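Descriptive analysis of the structure
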Amino acid sequence: MSGVWAAGFWGLVGGSALVLGAAIAWFATLPQRLIASIMAIGAGVLISAVAFDLMDEAFRRGGFDSTATGFLGGAIVYTLANLIVSRRGAKHRKRSGSNPHERQPDARSGSGAAIAIGALLDGIPESVVIGVSLLGGAGVSAVTVAAVFLSNVPEGLSSAAGMKAAGRSPAYVFGVWGGIAGASAVAAMIGNVALAGSGPDLIAGVTAVAAGAILAMLVDTMIPEATEATHDYSGLIAVVGFLIAFVLTKSG
C-alpha cells in the first residue's frame, strides 16, 4: 500500500472511533459518570501522546525552535478557531448533557453547522499527524493511531449523547461523525502528500502545531466534560489513560 493510501486508511481507522462512540451513545443509555470517566481516560491518553510521542518526535526532528514555535502556533490557531465556532453555538459540543447550564443547544437553535465544524476542528490535527508519521517509509506510528482511536471513542460518545439529549436526529448525528471520519482520512492523506520531501524543521513544526492544537482542545473541551460528573476521581482516571498510552509509547 502506497504512503498516501496507507495514510488515508489509518486516518479513517482513527476517525472511525468517533462513529463507534456515537453508536454506543445512541443505542445505549449510559450513566453520566461512566461517560465522564471514559472522557477522562481519553484525555489522559491524548496528554501522554502529546508529551511522549508528538513533542518528542518534533524535537528529535527539528530541535527546540521549530517545536516551540509550532506548539504555540497550533494552540493559538486552535483557540481562535474555537472562539469563532463557540460563539456560533458550538461551545459545549463535547458535553453529554449532564449539566443543564452547559449543554448543547437545542436542535431548533440553528447551531448544527457550528457544532459540526467544531467537531471537525477538533479531529483534523490528530489525523494530520497520522499522515506525517508515515513519511520516511518507516510505517505508521502504531502509538499515534492507537492514541487517536482510544481518545476518539469517548469524544464521539460524549458529544453524541449531548446531541441526542438536544433532540438531534440520527441522520444528523451519524452524518456528522461519518463525515468527520471521512475527513480524517482526507486530512491524513493531505498531511502525507503535502509534507513529502519536506525538511525536518517543517515536519517538526507541523507535528508540534498538531500537538499544540490537541492540548488546547483537551483543556477547552474534553477535560471540562470529564470533570463534570467525576470531579473527585477525574484526575486518577486520567492518569490511567495516560499510563495506557505511555506503555504503548515505550513498547511500540
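The chain carries the name ZIP family zinc transporter in an unreviewed UniProt entry, which gives Sphingomonas endophytica as its organism.

1. Remarks on the UniProt feature "transmembrane region" (unreviewed entry) in the chain
The positions that UniProt labels "transmembrane region" (unreviewed entry) are, in the present scheme, residues 6–27, 34–55, 67–85, 128–151, 171–195, 202–219 and 231–249. Its end C-alpha atoms 26 Å apart, residues 202–219 is made of 100% helix and 0% strand.

2. Examining the packing of aromatic side chains
Considering all chains together, one arrives at five aromatic pairs under this definition. Relative to phenylalanine 174, the ring of phenylalanine 27 lies with its centre 6.1 Å away and its plane at 25°, an arrangement referred to as stacked. Here phenylalanine 174 lies in helix 5 (residues 170–194) and phenylalanine 27 lies in helix 1 (residues 3–27), a separation of 147 residues in the sequence. The exposed category is assigned to phenylalanine 27, whose relative accessible area is 67%. With a centroid separation of 5.6 Å and an interplanar angle of 75°, the aromatic rings of phenylalanine 52 and phenylalanine 242 are classed as edge-to-face. Of this pair, phenylalanine 52 sits in helix 2 (residues 32–90) while phenylalanine 242 sits in helix 7 (residues 234–251); the two residues are 190 residues apart in sequence, bridging distant segments of the chain. Relative accessible area serves as the criterion here: at 27%, phenylalanine 52 is assigned to the partly exposed category. An aromatic cluster is defined as three or more aromatic residues linked by ring pairs; in this entry it consists of Trp26, Phe27 and Phe174. Directly above the ring of tryptophan 26 sits lysine 164, whose terminal nitrogen or CZ lies 5.5 Å from the centroid. Looking at arginine 168, its charged tip hangs above the ring of tyrosine 172, at a distance of 5.0 Å from the centre.

3. Some words on the packing of helix 4 (residues 142–165) against helix 7
Where helix 4 contacts helix 7, the two axes come as close as 9 Å, and the packing angle between them is 165°. It follows from the interaxial angle that helix 4 and helix 7 lie roughly antiparallel. For the pair helix 4 and helix 7, the crossing hand works out as right-handed. Residues Val143, Ala146 and Leu150 of helix 4 pack against Ile244, Leu248 and Thr249 of helix 7. Its residues placed into classes, the contact of helix 4 with helix 7 shows five nonpolar, one polar and no charged.

Thresholds, definitions, all that
Residues numbered from 1 in each chain as written. Predicted model: local features only at pLDDT ≥ 70, side-chain atom pairs only at ≥ 80, totals over all residues. Heavy atoms only, no water. UniProt positions renumbered as here; feature names shortened; annotations may be inferred. Helix = DSSP H or I, 4+ residues; strand = E, 2+ residues; numbered from the N terminus. Phe/Tyr/Trp six-rings, centres within 6.5 Å; stacked < 30°, edge-to-face > 60°. Buried < 20%, exposed > 50% of the residue type's maximum accessible area, 1.4 Å probe, protein only. Lys NZ or Arg CZ within 6 Å of the ring centre and 35° of its normal. Axes fitted to C-alpha atoms, helices over the stretch in contact; angles between N-to-C directions. Parallel < 35°, antiparallel > 145°, perpendicular 65-115°, else oblique. Left-handed = near helix turned anticlockwise from the far one by under 90°. Contact = heavy atoms within 4.5 Å. Nonpolar A, V, L, I, M, F, W, Y, C, P; charged D, E, K, R; others polar.

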